[in-house]
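Coordinate inspection notes
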Number of protein chains: 4
Amino acid sequence: MHRDRFFTLAASCPDRTGIIARVTGFIAEHNGWILESSFHADSDAHRYFMRLEIKADSLPFMLTELRERFRPIATELEMDWKISDSAVKKRVVVLVSKQEHCLYDLLARWQSKELDIEIPCVISNHDTFKGFVEWHGIPFHHVPVTAENKPQAYAEVQRLFEESHGDTMVLARYMQILSPALCAAHPGKILNIHHSFLPSFVGAKPYHQAYTRGVKLIGATCHYVTSELDQGPIIEQDVIRIDHSDSPDDMVRYGKDIEKTVLARALRYHLEDRVLAHGNKTIVFR
Amino acid sequence: MHRDRFFTLAASCPDRTGIIARVTGFIAEHNGWILESSFHADSDAHRYFMRLEIKADSLPFMLTELRERFRPIATELEMDWKISDSAVKKRVVVLVSKQEHCLYDLLARWQSKELDIEIPCVISNHDTFKGFVEWHGIPFHHVPVTAENKPQAYAEVQRLFEESHGDTMVLARYMQILSPALCAAHPGKILNIHHSFLPSFVGAKPYHQAYTRGVKLIGATCHYVTSELDQGPIIEQDVIRIDHSDSPDDMVRYGKDIEKTVLARALRYHLEDRVLAHGNKTIVFR
Amino acid sequence: MHRDRFFTLAASCPDRTGIIARVTGFIAEHNGWILESSFHADSDAHRYFMRLEIKADSLPFMLTELRERFRPIATELEMDWKISDSAVKKRVVVLVSKQEHCLYDLLARWQSKELDIEIPCVISNHDTFKGFVEWHGIPFHHVPVTAENKPQAYAEVQRLFEESHGDTMVLARYMQILSPALCAAHPGKILNIHHSFLPSFVGAKPYHQAYTRGVKLIGATCHYVTSELDQGPIIEQDVIRIDHSDSPDDMVRYGKDIEKTVLARALRYHLEDRVLAHGNKTIVFR
Amino acid sequence: MHRDRFFTLAASCPDRTGIIARVTGFIAEHNGWILESSFHADSDAHRYFMRLEIKADSLPFMLTELRERFRPIATELEMDWKISDSAVKKRVVVLVSKQEHCLYDLLARWQSKELDIEIPCVISNHDTFKGFVEWHGIPFHHVPVTAENKPQAYAEVQRLFEESHGDTMVLARYMQILSPALCAAHPGKILNIHHSFLPSFVGAKPYHQAYTRGVKLIGATCHYVTSELDQGPIIEQDVIRIDHSDSPDDMVRYGKDIEKTVLARALRYHLEDRVLAHGNKTIVFR
C-alpha cells in the first residue's frame with residue numbers, strides 16, 4: 001500500500017491486441033504516474049484482466065473527470081470496469097457468531113490501521129461479543145437466527161448492511177448459511193472463511209471430516225459467497241501440517257490460525273481491488 | 001537413520017496400562033540400547049501403537065532369538081507386531097509408465113544409497129525407460145496393458161513382484177489401475193502417488209479438475225493402494241502454491257516436484273517401518 | 001490437550017540402558033495410565049530427554065506423593081526433572097510496547113480458553129493498551145523505560161513479575177532489551193518473539209535488513225531470552241514468502257502474521273512442558 | 001510456457017511517466033499480441049523493470065527487425081534491454097562434483113523437455129558421473145581441481161563454457177569456489193545453489209552450522225555467483241521444517257530435496273528471462 005493518494009482501475013474485457021497500449025496511452029497522455037500495474041490474459045475465456053494504480057496528484061483532474069474521460073475507452077474495449085479512490089475508506093460489515101479468533105484479528109488490524117477501513121457495525125446471531133465490539137466504539141447488532149425466523153433475520157442483516165452503506169460483508173466464522181436472496185443481492189461483496197481446504201470437506205464439521213479421512217494437512221479457504229454452499233469463487237487458501245497425534249479439537253485449534261490469516265489476506269486483496277472474479281474463478285493480482 | 005545395525009519393532013495392541021513398561025522392561029532386562037522410540041494412543045480406537053529401534057550389538061542374541069523371546073509378551077498384549085533388521089535391505093519393485101520424474105528421483109536416491117534398498121526390477125506398461133533402467137544395472141520388464149489383457153497383465157506383474165521377493169511395490173506415476181486381486185494380495189505393501197491433495201480430485205486429470213475449480217494450492221498424496229480407487233490410507237501429502245496465471249500444464253509441472261518429494265518421503269517412512277496403518281488411517285512415527 | 005486432569009513429567013538425564021523401563025515401570029506399578037509419551041536421545045550430548053502425561057485419577061496418590069515416590073528414581077538416574085499438574089493454571093505475564101498484534105492474539109486465545117492460563121498482569125513501557133487490557137479485567141502496569149531509568153525500570157518489571165507469581169514472561173513485541181540481571185534471574189522462563197528468521201538479521205530493524213539483502217522469504221523466531229541479544233535457545237520459527245514488489249512496510253505487515261503465530265505456538269509448547277532446553281538448543285516434544 | 005513461438009523483451013530503465021504506453025504502443029502499432037506482461041517500479045532506485053512476451057507470428061517482421069525497430073525507443077528511454085526468441089534453445093553448462101541429486105533432477109527435466117534447453121556439456125572435478133552423463137548423449141569433461149592447479153582448472157572451465165557457446169553456467173552442487181576471474185567474465189550468467197537459507201550459514205558445512213545453532217527450519221538459496229562468496233543476488237529460496245531428532249546427516253538428506261527444487265525453479269526463471277538483477281537484488285517476474 002502506498003502512502004500517496006491513488007486511483008485504482010480494475011477492469012476486464014474481451015482479449016484483442018492493443019489493450020494495454022490503449023489504456024496506458026490514455027494515462028500517459030495526461031502525464032499520469034502508474035504506481036503498480038498487473039495484466040492477465042485468460043486464454044480459455046479469451047478475456048483480458050488488468051489492475052492499475054495511478055498517483056492521484058499526477059493527473060490534472062480528479063476522480064469524476066477521470067471516470068468521464070475513461071468511459072469512451074472502456075466502452076470501445078467492452079470493459080467491465082471500476083475506478084476507486086484510496087482516500088475513500090471501504091466500509092466493511094463483519095458478521096460473527098461465538099468464535100473469537102477472526103473478530104479479534106480483524107479488530108487488531110483495524111485498530112492499528114493495517115486495515116485502513118471503516119467498520120460501520122458488527123452483526124451477530126449471539127451477543128457474546130457485544131461488549132468487546134462496543135468497547136472499540138463500533139455499533140453491535142444482535143440479530144438472533146432461529147429455525148423459524150430465518151427470512152426475517154436475513155432481511156434484517158441485509159437492511160443493516162445497506163443502511164450502513166457497506167461495501168463488503170465478511171462472514172468471520174458466522175455459523176449460519178445466508179439466504180439465497182441475500183447472496184444474490186450483493187454478488188462479489190460477501191466473503192466467507194470456510195474451515196477446510198475446499199473442495200475437500202464441504203459443509204459441517206470439516207475438521208472432523210478431515211480427522212476421519214486421515215489427511216496430513218488441513219486448510220482454510222476464503223471465497224465469495226454464492227447461493228451454492230461453499231462453491232463460490234476461491235480468493236485465498238492455505239494449509240497447515242498435522243499428524244496422527246492431533247485430535248479433532250487440536251485441528252480446530254490449528255485451523256483457527258490459518259482461518260484468520262487466510263481471511264485477512266483475502267479481505268485485503270478484495271479491498272484493494274486486487275480480486276477480479278470471472279465465472280467461478282478469481283484473478284488475484286497480488 | 002543410524003549407522004549401527006539395529007532392530008526395529010513396530011507393533012500395535014489394545015490399549016491398557018503397563019504396555020511401555022512391559023516392552024521396554026524386556027529390552028532393559030537384556031541390556032538392550034534403545035536408539036529411538038515412539039508411542040501413540042488412539043483414544044477412539046482404544047489401541048496403542050509403538051515403534052522402537054534397538055541397537056543390535058547391545059543385545060546378547062540375534063534376530064531369531066529376539067523374536068522368540070518377544071513372542072510371549074506380544075501374545076500376552078494381543079499385539080500385531082513385526083521386528084525387522086536394518087542389515088537386511090528392503091526389496092522395492094518400481095512400476096512406471098511414461099513419466100520420468102519419480103523414476104529419476106528414486107534411482108538418484110538409490111544410486112547414492114540415500115535409499116539403502118534393493119530394486120530387483122522395474123516394471124512398465126511402456127518401454128520408454130528400458131535403457132535408462134538397465135544402464136543402472138536393474139532388470140526392466142515391459143508388461144503392456146491393454147483393454148483386453150488386463151487380468152493376464154496384472155497376474156504377470158504380481159508374478160514378477162513375488163518372484164523377485166519384493167517387500168514393497170511403488171506405483172511411481174504408473175498410469176494404470178491395479179486389479180482388485182493384486183491389491184488384495186499385498187495389502188499395506190503397495191504405495192501409490194496420486195497427483196492431487198486427496199480427498200479432492202479423485203480419479204483422472206486432477207490438475208485439470210483443480211484448474212477448473214480455481215484452487216490456489218495444488219497437492220500430491222502418497223497412500224496405500226486398496227481396491228477402492230484413491231481411497232486407501234494416506235501416508236504423506238504436500239501442497240504448492242499456484243495462481244491464476246498457471247495453466248493446467250504449469251500445474252502438471254509444479255505438481256511433479258511435490259509428487260516425487262511426497263513419494264520419496266512416504267516410501268522412506270514405510271521402509272523404516274514408521275507407518276502403522278489402522279483402518280483407513282495411518283500413524284506415521286517420523 | 002486432554003480434558004481429564006493429568007500430571008506431566010518432563011526430565012532429562014545421562015543416557016544409559018533401561019531409562020524408559022525404569023520410569024514407565026514405576027508408573028505401571030501404580031497402575032498409572034500414560035496419555036502421551038515422548039523420548040529423545042541426544043547422541044552428541046549423551047543425554048536422554050523425556051516427557052510423559054499420566055492421567056491423574058489413574059494413580060492411587062496425588063501430586064505431592066507422586067513427586068516423593070519418584071524422587072529416588074530421579075536421583076538414581078541423575079535427572080533434571082519436574083512434574084506439573086494440568087489443574088494448576090500457569091501464570092503468564094505479558095510485556096508489550098505499542099504494537100498490537102501479539103497482544104490481541106494472546107488475549108483472544110486466553111479469552112476463549114484456547115490458552116488455559118492466568119494472566120496476572122500486562123506490563124508496558126507505553127500506556128497505549130491500558131484501556132484494552134483493563135477492559136479484559138487484567139491489571140495493566142505502565143513502566144516507562146528511558147535511557148536514564150533502565151536499572152530501576154527492569155527492577156520494577158522483575159518485582160511485578162515475582163509479586164504476581166509469574167511462571168512465564170512473554171515479550172510480545174516488547175521493544176526493549178531486558179537487563180542481564182533480569183535475564184539471569186529467570187532463565188528458561190522468558191520468551192521473546194524476534195521478527196526475523198534467526199540467526200539472520202539479529203538486532204534492530206530486521207525487515208529492513210531483509211529488504212536490503214533481497215531475501216525471498218522472511219521469518220520470525222521465538223526463543224528463550226538470555227543475556228546475549230537474540231542468541232538464546234530457539235523454540236519455534238516460521239517463514240512467509242515475499243517478492244520484489246514488497247516494501248519494508250509490506251514485510252512488517254506480513255511479518256506480524258508469522259510473529260503472532262510463532263509466539264503462540266512456542267508459548268503453548270512451553271506451557272505444556274514440551275520444551276526441554278539443553279545448552280543453546282531445545283528439544284520440543286510436539 | 002506457451003507452445004507458440006514468442007519473443008521475450010526484458011528491460012529496465014529510469015522511471016518516468018509513459019514507459020508502458022511507449023513500449024506497448026510500439027507493439028500495438030504493429031499489431032503484436034502480448035501473451036504475458038509484467039512491470040515493476042523500484043521506488044528506492046527510481047528504476048522501472050518490465051518483461052513482455054509477444055507472439056512471434058503476430059508481428060509483421062522477425063527478431064532482427066524487431067530489435068532494429070525497438071532500438072530507438074530503448075535509446076530514448078535509456079534502457080538496459082534484450083529480446084530473446086523462444087525458438088532458440090538456451091545452452092546450459094552444468095558443473096557437478098560427487099553429489100547426484102541436482103544432476104539427476106536437471107537431466108530428468110531436460111530428458112522430458114520440461115526444461116527445453118541444450119546441455120552442451122557437463123563439467124566435473126570428479127569422474128563419478130561420466131558414464132551417467134554420457135549415457136544421456138551429453139559430453140562430459142573431467143577437470144580436476146587441486147590446490148595447485150586452480151588458475152589453470154578455472155581457465156579450462158571457462159574455455160569449455162565459451163567453446164560450447166554456453167548462455168548459462170549452473171553450479172549443481174559443484175563443491176569448488178570459482179575464481180574471481182571466471183565470476184567476472186560472465187556476470188549474471190552463473191547460478192549457484194547454496195545449501196542454506198542465506199544470509200544464514202555462509203560458507204562450508206551449513207547444515208552442521210544449522211544443527212549447532214538449533215534452528216527449526218533449514219533452507220536452500222539459488223543466487224547469481226559474484227566474486228564474493230555466497231553474497232550474490234538471490235533468485236529463489238525455500239525452507240523445510242526439521243526438529244530436534246534430526247542429525248546433520250538427516251538435514252543433508254532433507255536439504256537435497258529443497259536444493260534441487262530451488263535450483264530448478266531459479267534456473268527456469270533465469271532461462272525465461274524472468275530475472276532482472278539490479279545491484280544485489282533481483283526482480284523475479286513469475
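To be clear, the structure that these remarks concern was listed above.
Since we're looking at a predicted model, the values are computed, not measured.

**Things to note about the overall build of chain A**
Each helix and strand in chain A was counted, giving eight helices and 13 strands. Radius of gyration (C-alpha) of chain A: 20 Å, near the 19 Å computed for a compact globule of 286 residues. Structurally, chain A occupies a C-alpha span of about 60 × 40 × 35 Å along its principal axes. The buried share among the 286 residues of chain A stands at 62%. A sequence separation of at least 24 residues applies to 67% of the contacts in chain A between residues at least 6 apart. Per element, the accessible surface of chain A, about 10,900 Å² overall, is 51% carbon and sulfur. Of the charged side chains in chain A, 34 are positive and 38 negative; the average position of the first set lies 2 Å away from that of the second.

**Digging into the relation of the copies chain A and chain B**
Once chain A has been moved 0.0 Å along the axis and rotated by 180°, it coincides with chain B to within an RMSD of 0.0 Å. With respect to symmetry, the two chain copies, as superposed, fit the operation of a two-fold axis. When C-alpha positions in chain A are compared against the rotation axis, the closest is assigned to S200 of chain A, at 2.6 Å. The residues that chain A uses at the interface reappear at the interface of chain B in 100% of cases, marking a shared surface.

**Re the pattern of salt bridges**
Scanning the model with the defined rule gives 122 salt bridges over all chains in all. With a closest N to O distance of 3.7 Å, R241 of chain B and D238 of chain A form a salt bridge. Here D238 of chain A lies in strand β11 (residues 234-241) and R241 of chain B lies in strand β11 (residues 234-241), a pairing that spans two chains. With a shortest N-O distance of 3.0 Å, R241 of chain A and E236 of chain B are connected by a salt bridge. Of the two residues, R241 of chain A is situated in strand β11 and E236 of chain B in strand β11; the pairing between them involves two chains. We classify R241 of chain A as partly exposed; its relative accessible area is 29%. Connected through salt bridges with shared partners, the residues E100, K256, D257 and K260 of chain A together with D105, R109 and E114 of chain C form a single ionic network.

**Comments concerning the pairing of strand β5 (residues 92-96) of chain D**
Residue and element names in this part refer to chain D. For β5, the tally of buried residues reaches five of five residues, placing the bulk of the element in the interior. In β5, alternate side chains face the same way, and those of V92, V94 and V96 on one face and V93 and L95 on the other are all buried. Two strands pair when backbone bridges link them, and β5 and strand β6 (residues 122-124) are joined in this way by three bridges, in the parallel orientation. From the neighbouring strand, V94 faces β6, where its bridge partner is V122. In the classification by handedness, the crossover that spans β5, the intervening helix α3 (residues 101-111) and the parallel β6 is right-handed.

**Side note on the interface of chain A and chain B**
Between chain A and chain B, the residue contacts involve 37 residues of the former and 37 residues of the latter. Across the contact surface, chain A and chain B share five salt bridges. On the surface where chain A and chain B come into contact, there are 20 residue pairs in polar contact (both at pLDDT 80 or more). For the side of chain A that touches chain B, the secondary structure elements donating two or more residues are β2 (34-42), α7 (206-213), β11 and β13 (281-284) of chain A. Broken down by element, the side of chain A that touches chain B gets its largest block of residues, seven residues, from β11 of chain A.

**Side note on the interface of chain C and chain B**
If you look at the interface, chain C gives 18 residues, while chain B gives 18 residues. Across the chain C/chain B interface, buried area totals approximately 1,300 Å², and carbon plus sulfur atoms make up 64% of it. When the buried area of chain C at its contact with chain B is split by residue, T17, I20 and W33 of chain C rank highest and sum to 34% of it. Remark: the boundary between chain C and chain B carries zero salt bridges. In this assembly, chain C and chain B are joined by four residue pairs in polar contact (both at pLDDT 80 or more). Taken together, the elements giving at least two residues each to the side of chain C that touches chain B come down to α1 (19-29) and β2 (34-42) of chain C. Residues of the side of chain C that touches chain B, tallied by class, amount to nine nonpolar, seven polar and two charged.

**Here we look at the sheet that holds strand β5 (residues 92-96) of chain A**
All names here are of chain A. The seven strands are arranged β7-β6-β5-β8-β9-β10-β11 in an open sheet whose pairing can be described as mixed. On the outer flanks of this sheet lie β7 (140-142) and β11, each paired with one strand and no other. Averaged over all neighbouring strand pairs, the angle between strand axes comes to 15°, with direction disregarded. Of the strands in this sheet, β5, β6 (122-124), β8 (168-171) and β9 (190-194) are in contact with helix α3 (residues 101-111), which crosses β5 at around 155°.

**Side note on the packing of helix α1 (residues 19-29) of chain B against helix α2 (residues 63-76) of chain B**
Packed helices, taken two at a time, are described by the angle between their axes plus the distance between the axes. All names here are of chain B. Where α1 contacts α2, the two axes come as close as 11 Å, and the packing angle between them is 160°. Taken together, the axes of α1 and α2 lie roughly antiparallel to each other. Considering the relative orientation of α1 and α2, their crossing is right-handed. Every residue of α2 that contacts α1 at R22, V23 and F26 is listed here: L66, R69, F70, I73 and E76. Grouping the constituent residues of the contact of α1 with α2 by class yields five nonpolar, no polar and three charged.

**Quick notes on helix α5 (residues 150-163) of chain C**
Residues and elements named next belong to chain C. In this model, α5 (14 residues) spans 19 Å end to end at C-alpha, consistent with the 20 Å of a helix rising 1.5 Å per residue. For α5, the complete set of buried residues consists of A153, Y154, V157, Q158, L160 and F161. The buried side chains of α5 occupy one side of the element, clustering within an arc of 160° when seen end-on. Counted as exposed and oriented over 90 degrees from the buried face of α5: P151, Q152 and E163. Here the buried face of α5 lies against β5 (92-96), β6 (122-124), β7 (140-142), β8 (168-171) and α6 (180-185). Just past α5, the residue H165 takes up positive phi, approximately 55°.

**What about the packing of helix α8 (residues 248-271) of chain B against helix α8 (residues 248-271) of chain D?**
The geometry of α8 of chain B relative to α8 of chain D is characterised by a closest axis approach of 12 Å and an angle of 175° between their N-to-C directions. Considered as vectors, α8 of chain B and α8 of chain D are oriented roughly antiparallel to each other. Contacts between α8 of chain B and α8 of chain D involve R253, D257, K260, T261 and R268 of chain B from the first element and R253, D257, K260, T261 and R268 of chain D from the second. Across the contact of α8 of chain B with α8 of chain D, the residue classes tally to no nonpolar, two polar and eight charged.

**A short note on the side chain of K216 of chain B**
Relative to the helices and strands, K216 of chain B is located in the loop between α7 (206-213) and β10 (217-224). Look at K216 of chain B: it is buried, it has no salt bridge, and the nearest opposite charge is E236 of chain A at 7.0 Å. For K216 of chain B, the side chain forms a polar contact with the side chain of T282 of chain A, separated by 2.9 Å. Leaving out residues up to four positions away in the same chain, K216 of chain B has contacts with I234, I235, E236, Q237, T282 and V284 of chain A together with I240, R241 and I242 of chain B.

Calculation criteria
Residues numbered from 1 in each chain as written. Chains lettered and ligands numbered in written order. Predicted model: local features only at pLDDT ≥ 70, side-chain atom pairs only at ≥ 80, totals over all residues. Heavy atoms only, no water. Helix = DSSP H or I, 4+ residues; strand = E, 2+ residues; numbered from the N terminus. Rg over C-alpha atoms; globule rule 2.2 N^0.38 Å. Buried < 20%, exposed > 50% of the residue type's maximum accessible area, 1.4 Å probe, protein only. Contact = heavy atoms within 4.5 Å. Areas by Shrake-Rupley, 256 points an atom, 1.4 Å probe, with all protein chains shown as cover. Lys, Arg positive; Asp, Glu negative; His and termini not counted. Charge placed at Lys NZ, Arg CZ, Asp CG, Glu CD. Least-squares fit on C-alpha atoms with pLDDT ≥ 70 in both. Salt bridge = Lys/Arg side-chain N within 4 Å of Asp/Glu carboxyl O. Pairing = 2+ DSSP bridges. Right-handed = clockwise from strand over helix to strand, strands pointing away. Polar contact = N/O pair within 3.5 Å; in protein donor to acceptor, adjacent residues only side chain to side chain. Buried area = accessible area lost by both parts, 1.4 Å probe. Nonpolar A, V, L, I, M, F, W, Y, C, P; charged D, E, K, R; others polar. Axes fitted to C-alpha atoms, helices over the stretch in contact; angles between N-to-C directions. Parallel < 35°, antiparallel > 145°, perpendicular 65-115°, else oblique. Left-handed = near helix turned anticlockwise from the far one by under 90°. Expected span 1.5 Å × (residues − 1). Arc of directions from axis to C-beta.

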